[in-house]
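So you can see what is in the structure, the chains are spelled out below.
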Amino acid sequence: MQTIFSGIQPSGVPTIGNYIGAMKQFVDLQNDFDCYFCVVDEHAITVPQKRLELRQQIRGLAALYLAVGLDPAKVTLFIQSEVPAHTEGAWLVQCNTYIGELERMTQFKDKSAKNEKQGVSAALLTYPPLMVADIVLYHAHLVPVGEDQRQHLELTRDFVERFNNRYGENGPILTLPEAKFVKEGARVMSLAEPTQKMSKSDKNVKGFISMLDEPAVIRKKIKSAVTDSSGVIEYDPENKPGVSNLLSIYAACTGESIASLVARYEGKGYGEFKTDLGEAVVGLLEPIQEKYHAWMASEELDTILDTGAEKARAVSNKTLNQMKNAMGL
Ligand code: ADP
Ligand code: NA
C-alpha cells in the first residue's frame, strides 16, 4: 500500500479553502492509502502566535480532522511537536539544501514581506526543509495539498533526488513523493480580494469562511463577497475572478459541475446565486461543526493523538536513523 502524508498549520481555524483544497482529499483517500495526517504546529510558530490561542487551535484542528470524517482506525493522526524526528530531520535536510533554493520560494518572499515590521525569523526561510522532513520521514508517495504548496513539493523532490544521489550508494534511501491536487478548488481565493489566496491567517476576516463560522456569519460573508458589475454568472477566472471563485466553491461544496451551475443560473442575478451558495456552504459545514464540538468535549480525542504520536515516532525514527547512517552520523 502506498503512503500519504499531509499537514495543516494550527495558525487559525481552517477555512473552506483548506477544506476544499486539502482536507476533503484526505477523507477521500483514507481507504486506499496508509495515511499520516499532522497538525503542523512547528510550522505555525515561524510567525508569532498567542500561546493560549495556539493551544486551543492545535487541539481544535485535530478535532476538525476527525469531524470532517477521518477515521482514526484507518489513519494516523498526530501533532508534529510530539514527534521529535521532524525537527532533527529538518536539520539533515538543511545540510543538503542551498540558501538560494529557499530564497526563491514565493511563500517565503510573501511572508517575509508581510512580517518585515516585526522581524523575519530564520525559520521563515528554513520552513520548507521542515516540510521536506515531514514528508520524507514517512516515505510518502503522495502529498495531497492545495496549489500554493506546488513549489514546496518541487523542492522536496529535488531534495530527495539529491539525497539519494549523494548517499544512496546501495540504492535509494528516500521515497520520491508527488503532490496531489483536487481538480476543482486547489486554489480557493479570498472573498474580499479574489486575486489573493484565501488564508486562515488573513487579517481581513471578510476574506475567508472559517469552518467554525456561525451560519449567519457564513451567509453574510458570501453576500458581501466581491464580484463585478456585469451581473452575469459565468466562469472566467481572468476577467471575473470573484464570480469564478464563488462558482468553484459552489461546485466543490455540492459536487455539481461548474458547467451545470452556469447553465442553471443563466439569466439569474448574483443575489439569488449568493443566497443559494450560502445555503450550500452552511449545509456542508453545519454537520461538521456538530461533530467538531462532540470531539472537543471527548477525551477520546487525546487518546487518538497519543496513539498517533506513538506510531509516528516509531516510523519516523526508523527513517531518521537511515538518513543519519547514510550521512555518517
Ligand atoms: P493557510 O494558508 O490557510 O494558513 P496552510 O498553510 O495550513 O493554510 O495549508 C493547509 C493546506 O491547505 C495545504 O495543503 C494548503 O495547500 C491548503 N490550502 C491553503 N489555502 C488554500 C486555498 N486557498 N485553496 C486551496 N487549498 C488551500
Ligand atoms: Na498559512
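These numbers come from a predicted model, not from an experiment. (Residues numbered from 1 in each chain as written. Chains lettered and ligands numbered in written order. Predicted model: local features only at pLDDT ≥ 70, side-chain atom pairs only at ≥ 80, totals over all residues. Heavy atoms only, no water.)

## Considerations on the state of the cysteines
Phase 1 of the analysis: Tallied over the entire structure, the rule returns zero disulfides.
Phase 2 of the analysis: For Cys35, which is in no disulfide, the shortest distance to another cysteine sulfur is to Cys38 and amounts to 13 Å.
Phase 3 of the analysis: Judged by relative accessible area, which is 0%, Cys35 ranks as buried. (Disulfide = S-S within 2.5 Å. Buried < 20%, exposed > 50% of the residue type's maximum accessible area, 1.4 Å probe, protein only.)

## Notes on the domain arrangement of the protein
Phase 1 of the analysis: Segmenting the protein into domains produces domain 1 (3–186 + 299–327) and domain 2 (215–293).
Phase 2 of the analysis: For domain 1 versus domain 2, the separation of C-alpha centres amounts to 30 Å.
Phase 3 of the analysis: Across the contact, 11 residues belong to domain 1 and 13 residues belong to domain 2.
Phase 4 of the analysis: The junction of domain 1 with domain 2 conceals about 950 Å² of combined surface from both sides, 77% of it contributed by carbon and sulfur atoms. (Domains from an automatic or database assignment. Contact = heavy atoms within 4.5 Å. Buried area = accessible area lost by both parts, 1.4 Å probe.)

## Description of the nonpolar core
Phase 1 of the analysis: Grouped together as the largest cluster of nonpolar side chains are 65 residues, with contacts concentrated most on Met23, Phe37, Tyr65, Ile249, Val281 and Leu285.
Phase 2 of the analysis: Residues from two domains meet in this core; each of domain 1 (3–186 + 299–327) and domain 2 (215–293) gives at least three.
Phase 3 of the analysis: Beyond its immediate chain neighbours, meaning those up to four positions away, Val281 contacts Ile16, Ile209, Ile218, Ile222, Ile249 and Cys253. (Core = buried A, V, L, I, M, F, W, Y, C linked by side-chain atoms within 4.5 Å.)

## Digging into helix 4 (residues 85–94)
Phase 1 of the analysis: Where helix 4 is concerned, the buried positions are Ala85, His86, Gly89, Ala90, Leu92 and Val93. Projected down its long axis, helix 4 shows its buried positions confined to an angular sector of 160 degrees, all on one face.
Phase 2 of the analysis: Buried-residue contacts for helix 4 involve strand 1 (3–8), helix 2 (41–44), strand 3 (75–79), helix 7 (122–136), helix 8 (150–167) and helix 13 (300–327). (Helix = DSSP H or I, 4+ residues; strand = E, 2+ residues; numbered from the N terminus. Arc of directions from axis to C-beta.)

## A word on the packing of aromatic side chains
The way to describe two aromatic rings as a pair is by their centre distance and the angle between their planes.
Phase 1 of the analysis: Enumeration according to the criterion identifies 11 aromatic pairs in this entry.
Phase 2 of the analysis: Ring geometry for Phe26 and Tyr65: centres 6.1 Å apart, planes at 35 degrees, overall tilted. Taken together, the positions of Phe26 in helix 1 (residues 16–29) and Tyr65 in helix 3 (residues 51–67) put the pair 39 residues apart, joining distant regions of the chain.
Phase 3 of the analysis: According to the relative accessible area criterion, Phe26 is buried, its value standing at 0%.
Phase 4 of the analysis: Counting every residue linked through ring pairs, the aromatic cluster contains Phe5, Tyr36, Phe78 and Tyr138.
Phase 5 of the analysis: Sitting over the ring of Phe208, Lys221 keeps its end group 4.9 Å from the ring centre.
Phase 6 of the analysis: Positioned above the aromatic ring of Tyr265 is the side chain of Lys268, whose terminal nitrogen or guanidinium carbon lies 5.9 Å from the ring centre. (Phe/Tyr/Trp six-rings, centres within 6.5 Å; stacked < 30°, edge-to-face > 60°. Lys NZ or Arg CZ within 6 Å of the ring centre and 35° of its normal.)

## Examining the pairing of strand 2 (residues 34–39)
Phase 1 of the analysis: Of all six residues making up strand 2, five are buried, and the element is well covered by its neighbours.
Phase 2 of the analysis: Pairing geometry for strand 1 and strand 2, over six bridges, is parallel. Counted as the bridge partner of Gly7 is Cys38 from strand 2.
Phase 3 of the analysis: Traced from strand 1 through helix 1 to strand 2, the parallel crossover comes out right-handed.
Phase 4 of the analysis: Note: strand 2 against strand 3, five bridges, orientation parallel. Across the sheet, Cys35 pairs through a bridge with Val75, a residue of strand 3. (Pairing = 2+ DSSP bridges. Right-handed = clockwise from strand over helix to strand, strands pointing away.)

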